[in-house]
Amino acid sequence: MSRDHNSSALQQYGGVKGLSDMLRTNLEKGILGDEDDILKRRNAFGSNTYPRKKARSFLRFLWEAWQDLTLIILIIAAAASLALGMKTEGIKEGWYDGGSIAFAVFLVIIVTAISDYRQSLQFQNLNEEKRNIQIEVMRGGRMVKISIFDIVVGDVVPLRIGDQVPADGILISGHSLATDESSMTGESKIVHKDQKAPFLMSGCKVADGVGTMLVTGVGINTEWGLLMASISEDTGEETPLQVRLNGVATFIGIVGLVVAFSVLAVLLARYFTGNTRNSNGTVQFHKGETSISQIVDDIIKIVTIAVTIVVVAVPEGLPLAVTLTLAYSMRKMMADKALASPAYSLKSLLYFCNYIRYKVLLSKNKSIKTFDQVRRLSACETMGSATTICSDKTGTLTLNQMTVVEAYIGRQRLDPPDDSSKLHTRISSLLFTGIAQNTQGNVFEPKDGGAVEISGSPTEKAILSWAVKLGMKFEAMKSESTVLQVFPFNSEKKRGGVALKVQDSEAYIHWKGAAEILLASCTKYMDLNGQLQSIDGEKEFCKEAIDDMAARSLRCVAIAYRPFDVEKIPADTESLDKWVLPEDDLVLIGIVGIKDPCRPGVKDAVKVCIEAGVKVRMVTGDNIQTAKAIALECGILSSDADASESNIIEGKVFRALSEGEREQVAKRITVMGRSSPSDKLLLVQALRKGGDVVAVTGDGTNDAPALHEADIGLAMGIQGTEVAKESSDIIILDDNFASVVKVVRWGRSVYANIQKFIQFQLTVNVAALIINVVAAVSSGDVPLNAVQLLWVNLIMDTLGALALATEPPTDHLMHRTPVGRREPLITNIMWRNLIVQALYQVGVLLVLNFAGRTILGLNDETRERANEVKNTVIFNTFVFCQIFNEFNARKPDEMNVFTGVTKNYLFMGIIGITLVLQVIIIQFLGKFTSTVRLSWELWLVSIAIGLISWPLAVVGKLIPVPETPLAKYFIRPFQRLRTARSA
């Protein structure tokens, strides 16, 4: 019935009432909701979950990891070396070279696969968190908040603008209810729901109106469940930072390939001209004498050296570093109450579903494992570049814990505000009727006399709580009148209304909304005696009362009504649905002032932003005076002198400006009051055109365009609608502005960590390439062989990425200005540090290579033994240089590189593991790595040379750097090439 939208079948069951009786559901109070009832329903109709497609197994990641071309070449070289070695030297001795290379390659593959697999699991967990939407249902007469997975058939679910329909169901009642079914039908159009079209589909969004639904199908028994069970969300997303890194990687890779081919050509030329010698000094190749098998074996060793140079030169660790730092940051951001958000808009979700339906294979990017159109990883890095934050007031800068602290009935102030003794029965009746019927909230009074439970939005809860204290009986007031039409609260008009029929001959229209806006529509007011009076002489008094409350940062809400002729109300349902409630000639009942205190710590968070070069702007729908008072309280405005007309503006004034004027004014705006979602969108567009990187907070459905337009959209996790969340990039789980600042901090940390790793890796690349090239060209041999370079590759790629990409953010990051859109990834400071360290390493190691026998006192040793010891010391020293340089890379622009190092247990653990493994390799695995055991004196030589890199780094930081970015001469042409090729 639900799948086919079969209305005639529904009528055969007696409509929604007959269906609810069969499902044992009370349409007003919902199901009983006890454990037995829920268990029976779950057993009978299933749970609201659907089977997930199995994630890729670890074996799949292994398969992908070994498909790297350079690793395949090394595997072939290892196999050939193994076969020839065992043939010439026997199985016992001949397997060392080939076996060592094979083991090193296997280790690189295993570590890469484990890293990718772990990140995949982390993103799956994050995705589960995203799916776990909290919704309200009516159970046992009270409104309870539960997980979407806990919905059962028979549940009564209220629906509001922006909600996701949690399951298949049938409309019980609704007013102007419309849903966006594009995610299911593929057609982007709004479908109106009424008793003629009562069927609601799971996964759709409420686009307009309000209503309640009866759940008839859950989980796999819905169209949405079948669709979700058939798709896999593991697709690729390249973040902007990764695109830039690909430019760096392309540049380094091309240089590495050129160097490798050059070395290959030089080594082959030297070999076949008889200039290459064995370790004992004998010539390797004699024309006409050397056997074919020996020539093949020697050539394989030469090719292996060239390929290993490529392995070291190609920075596989860069994409891994991006993955690690983004995953680490996202996990930590969740702990800091921020969650990378689902970023599929309705349009992209439409495309996504159509791709699935037509079984179009989505291309995958192996570099980074994430979920395209489900997670916007790029937001993590973009947030670090934010130059301005446009923040909501309510719930973000304030606690969203509202209470009525001041009230006026007519022109009389109630003191205290819940003193009902002065209210005439006529006023009480109209006031309570308007509050009880013109709300999406609910009041539950337990039969055992327990505490009253009030649900709804914070504003509605505050007004309902005030009315209950005045003596309102919620259920009684709702039963005394019939709702004819509802105009849900609209952020554009700042009001919400309801048309009621009290008796056959009486009808009233009740309005509730922004005080000064409703006051403008009032022609009368009701005094404490229940008499109607003209408001003309009292409007100034009311305005002064509103301004006074607003100046004390109170939200002012007016409650008004007007009688309406029953005969003028449309008789048929279709006309009634289209009836626009009259908004003029209103009678003012009262005005209330609602206090919403500032969040603790917001002032400090705003101060941190200002110091970090990020301008905070408040964009609120509240009265301009209320907005100004809160802005002063939060530190957004530093003093009354700041609160000038150029800094504070009303939404309607900004809206009326031309596009060019808006761009000029937007730069100066600090507070925008009485703004609509369209005003927020215009502000974002103007700021972005002016060159700002804009972050925007939002919670309503109408905020979706601004969230989507901004560089970073931040949706509220508690008050935010599902539409807002899905249009955003990051969800702030606790709706707190301090958490927004933490996101900025983590965003800067992502960028900084990547830069640290780039500096570290490029230093290793430059040093390793120059040492091997110079040695190969001059002597026909290289001091760092294939197995040794693979070990260095493992240190700098995987372990280095893990150590540097997981550095936590520091306060120092928030004392910098934001990173510009076009600022080079490799800064001049990084070039300086890199060149200083690379020159030092190359100089020392080349000296050891050419004069090592004399320096190390090896002249008395045989040539073969002396070369083995010398090359082992070079390898050991090279590794220690990288270990100590890892500390230098932690703080590229600070003198003290050890600040906070003891708090980073992962970093210290990786350094410790690297040291232990290096000792094992040198002292116990010499046969596999072509090294020999070293004396403690030679160990001290290696450690001492590595240690010198620390004071050298400090001295290097005293060297001034030019202002013109050096990177544009080296990296940017390759970035443009990469971007063009991707496009």
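Residues numbered from 1 in each chain as written. Predicted model: local features only at pLDDT ≥ 70, side-chain atom pairs only at ≥ 80, totals over all residues. Heavy atoms only, no water.

> Would you mind going over the overall build of the chain with me for this structure?
Within the chain, the secondary structure is distributed over 36 helices and 26 strands. Taken across its 983 residues, the chain has 56% of its residues classed as buried. At a minimum sequence separation of 6, the contacts of the chain that also span at least 24 residues come to 74%. Put simply, the chain shows about 41300 Å² of open surface, and 57% of that area lies on carbon and sulfur atoms. (Helix = DSSP H or I, 4+ residues; strand = E, 2+ residues; numbered from the N terminus. Buried < 20%, exposed > 50% of the residue type's maximum accessible area, 1.4 Å probe, protein only. Contact = heavy atoms within 4.5 Å. Areas by Shrake-Rupley, 256 points an atom, 1.4 Å probe, with all protein chains shown as cover.)

> What should I look at first to understand unusual backbone geometry in this one?
Apart from glycine, the bulk of residues carry a negative phi angle, and the bulk of peptide bonds sit in the trans form. With an omega of 0°, the peptide bond running from Asp415 to Pro416 counts as cis. As for its position among the elements, Pro416 is in the loop between strand S11 (412-414) and helix H14 (425-437). Positive phi, close to 60°, is recorded for Ser553, a residue that is not glycine. If you trace the backbone, Ser553 turns up in the loop between helix H18 (539-551) and strand S19 (554-564). For Ser553, a relative accessible area of 5% corresponds to the buried category.

> Teacher, can you tell me more about the UniProt feature "transmembrane region" (unreviewed entry) in the chain here?
UniProt annotation of "transmembrane region" (unreviewed entry) refers to residues 61-83, 95-114, 248-272, 299-328, 829-851, 905-926 and 938-959 when read in the numbering used here. Taken end to end, residues 829-851 has its terminal C-alpha atoms 33 Å apart, with 100% of it in helix and 0% in strand. Between the C-alpha atoms that bound residues 938-959 there is a distance of 32 Å. The span itself is 82% helix and 0% strand. (UniProt positions renumbered as here; feature names shortened; annotations may be inferred.)

> Looking at this model, I keep getting lost on the nonpolar core. Mind explaining?
The biggest cluster of nonpolar side chains holds 65 residues, and the ones touching the most others in it are Phe875 and Phe878. Top element by residues in this core is helix H30 (residues 863-890). It accounts for 13 residues. Apart from residues no more than four positions distant in its own chain, Phe875 is found in contact with Leu784, Gln788, Trp791, Val792, Gln918, Ile921, Ile922 and Thr931. The next biggest cluster of nonpolar side chains, apart from the first, holds 37 residues, and it includes Val602, Ala605, Ile630 and Ala695. (Core = buried A, V, L, I, M, F, W, Y, C linked by side-chain atoms within 4.5 Å.)

> Any chance you could explain the state of the cysteines here in plain terms?
Two cysteines, two sulfur atoms, one covalent bond between them: this is a disulfide. The final tally for this structure, using the stated rule, is 0 disulfides. Between Cys542, a free cysteine, and Cys522, which holds the nearest cysteine sulfur, the sulfur-to-sulfur gap is 8.4 Å. On the basis of relative accessibility, which here comes to 4%, the residue Cys542 falls in the buried class. (Disulfide = S-S within 2.5 Å.)

> Sorry if this is basic, but what is going on with the pattern of salt bridges here?
Note on pairing: side chains with opposite charge can pair once their charged atoms come close. What the rule picks out here adds up to 31 salt bridges. Ionic pairing is found between Asp21 and Lys17, a salt bridge with its closest N-O pair at 3.1 Å. One end of the pair, Asp21, and the other, Lys17, are both in helix H2 (residues 15-22), 4 residues apart, so they sit about a helical turn from each other. Overall, the relative accessible area of 48% leaves Lys17 in the partly exposed class. A salt bridge links Glu453 to Arg142, with the nearest nitrogen and oxygen atoms 3.0 Å apart. You can see Glu453 sitting in strand S13 (residues 453-455) and its partner Arg142 sitting in strand S2 (residues 142-147), a full 311 residues away along the chain. Note on Arg142: relative accessible area 29%, which makes it partly exposed. When salt bridges with common partners are traced through the structure, they connect Glu406, Arg413, Asp415, Asp548 and Arg552 into a single cluster. (Salt bridge = Lys/Arg side-chain N within 4 Å of Asp/Glu carboxyl O.)

> What is the right way to look at the confidence of the model for the chain in this model?
Predicted coordinates in areas of low pLDDT are best not read in detail. Confidence in the prediction of the chain, expressed as mean pLDDT, is 82, and 86% of residues score 70 or more. In the model of the chain, helix H12 (residues 346-357) stands out as the element of lowest mean pLDDT, 28, in contrast to strand S20 (residues 586-595), which has the highest, 95. In this model, residues 232-237 is a region of pLDDT below 50 whose contacts with residues beyond four sequence positions or in other chains number 27 contacts. Of the regions scoring below 50 in pLDDT, residues 340-375 engages in 104 contacts with residues more than four places distant in sequence or in other chains. (pLDDT = per-residue confidence, 0-100.)

> I keep staring at the pairing of strand S25 (residues 712-716) and nothing clicks. Help me out?
Looking down a regular strand, the side chains alternate between one sheet face and the other. Here S25 lies mainly inside the structure; 5 of its 5 residues are buried. Alternating residues of S25 divide into Ile712, Leu714 and Met716 and Gly713 and Ala715, and every residue in both groups is buried. Between the parallel elements strand S24 (residues 694-698) and S25, the chain passes through helix H25 (residues 704-709) in a crossover that is right-handed. Bridge analysis of S25 against strand S26 (residues 730-732) gives 3 bridges, and the strand direction is parallel. Counterpart to Met716 in the pairing with S26 is Ile732. With respect to chirality, the unit in which S25 leads through helix H26 (residues 722-727) into the neighbouring parallel S26 is right-handed. (Right-handed = clockwise from strand over helix to strand, strands pointing away. Pairing = 2+ DSSP bridges.)

> Help me understand the packing of helix H27 (residues 737-779) against H30, please; the structure alone is not making it clear to me.
How two helices pack is summed up by the angle between their axes together with the distance between the axes. For the pair H27 and H30, the least separation of the axes is 9 Å and the interaxial angle reads 155°. It follows from the interaxial angle that H27 and H30 lie roughly antiparallel. Of the two elements, H27 crosses H30, and the hand of that crossing is right-handed. Across from Lys756, Gln759, Phe760, Thr763, Val764, Ala767, Ala768 and Ile771 in H27, the residues of H30 making contact are Phe878, Gln882, Asn885, Glu886, Asn888, Ala889 and Arg890. Considering only residue class, the contact of H27 with H30 consists of 7 nonpolar, 5 polar and 3 charged. (Axes fitted to C-alpha atoms, helices over the stretch in contact; angles between N-to-C directions. Parallel < 35°, antiparallel > 145°, perpendicular 65-115°, else oblique. Left-handed = near helix turned anticlockwise from the far one by under 90°. Nonpolar A, V, L, I, M, F, W, Y, C, P; charged D, E, K, R; others polar.)

> Could you clarify how one ought to interpret the pairing of strand S9 (residues 388-391) in this entry?
Covered by surrounding structure in S9 are Thr388 and Cys390 together with Ile389 and Ser391, the residues of both alternating faces. By the bridge criterion, 4 bridges tie S9 to strand S21 (residues 615-619) in an arrangement that is parallel. Its bridge partner lying in S21, Ile389 is registered against Val616. Where S9 and S24 come together, 3 bridges link them in parallel fashion. Within the sheet, the bridge partner assigned to Ile389 lies in S24 and is Ala695.

> Would you explain the environment of Thr931 in this entry?
Tracing the chain through its elements places Thr931 in the loop between helix H32 (926-929) and helix H33 (936-947). For the pair Thr931 and Asn876, spaced 55 residues apart in sequence, the C-alpha to C-alpha distance is 9.4 Å. Residues within four places of Thr931 in sequence aside, it is in contact with Gln788, Thr872, Phe875, Ile921, Ile922 and Gly926.

> Can you walk me through the packing of aromatic side chains in this structure?
Think of a pair of aromatic rings as described by two things: how far the centres are apart, and how the planes are tilted against each other in angle. Within the structure shown, the criterion is met by 17 aromatic pairs. Their ring planes at 75° and their centres at 5.7 Å tell us that Trp63 and Trp66 sit as a pair that is edge-to-face. Among the residues examined, Trp66 registers a relative accessible area of 31% and is labelled partly exposed. Aromatic pair Tyr271 and Phe285: ring centres 5.4 Å apart, planes at 45°, arrangement tilted. Residue Tyr271 is found in helix H9 (residues 240-272), and its partner Phe285 is found in the loop between H9 and helix H10 (292-313); the two are separated by 14 residues along the sequence. Assessed through its relative accessible area of 0%, Tyr271 is described here as buried. In this structure Phe285 comes out as buried when scored by relative accessible area, which is 13%. Stacked on the ring of Trp511, the Lys or Arg Arg495 has its end atom at 5.6 Å from the ring centre. (Phe/Tyr/Trp six-rings, centres within 6.5 Å; stacked < 30°, edge-to-face > 60°. Lys NZ or Arg CZ within 6 Å of the ring centre and 35° of its normal.)

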